[in-house]
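What follows is the residue order along each chain.
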Amino acid sequence: GGRKWLKKTDQEWVSNRLAGETHGMEDPFHDVATSGAETGAPIIEDSLAYIDCHLHESHEAGDHTIYVGEVEAMEGDREDTDPLTFFAGEYGTIQ
């Protein structure tokens, strides 16, 4: 299954790892705590929310691929923290 996470503002380092900033680590996710979703996909512990889905279809669009997923499960009802955002090459938050 596929998965998307909504990370908290203190999880920039996890976002950087997912983006490929691994500095030659053999296993860049060895210290990222996860649990399993209904489909078996990993859920990053302490994330603000997650959406677990399986691939429904994909579309080529220039130099990108657009993936459309069918949602299997999701969770996210925490209002006690700000989400991590990334726009124009910089991290931020919505307050």
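Refer to the preceding data block for the structure.
What you are looking at is a predicted structure, and each value in this text was computed from that prediction instead of being measured.

(A) Representation of the pattern of salt bridges within the structure. With the rule as written, the count across this model stands at 1 salt bridge. Note that Arg17 and Asp31 form a salt bridge whose closest N and O atoms lie 2.7 Å from each other. Linking Arg17 in helix α1 (residues 12–18) with Asp31 in the loop between α1 and β2 (34–36), this pair joins segments that are 14 residues apart in sequence. Classification of Arg17 as buried rests on a relative accessible area of 10%. By relative accessible area, which is 38% here, Asp31 ends up partly exposed.

(B) Region of interest: the environment of Leu55. Structurally, Leu55 is set in strand β4 (residues 49–61). The class of Leu55 is exposed, set by a relative accessible area of 52%. Placed 12 residues apart in sequence, Leu55 and Tyr67 show a C-alpha to C-alpha distance of 7.0 Å. Once residues within four sequence positions are removed from consideration, Leu55 is found in contact with Tyr67 and Val68.

What counts, and at which threshold
- Residues numbered from 1 in each chain as written.
- Predicted model: local features only at pLDDT ≥ 70, side-chain atom pairs only at ≥ 80, totals over all residues.
- Heavy atoms only, no water.
- Salt bridge = Lys/Arg side-chain N within 4 Å of Asp/Glu carboxyl O.
- Helix = DSSP H or I, 4+ residues; strand = E, 2+ residues; numbered from the N terminus.
- Buried < 20%, exposed > 50% of the residue type's maximum accessible area, 1.4 Å probe, protein only.
- Contact = heavy atoms within 4.5 Å.

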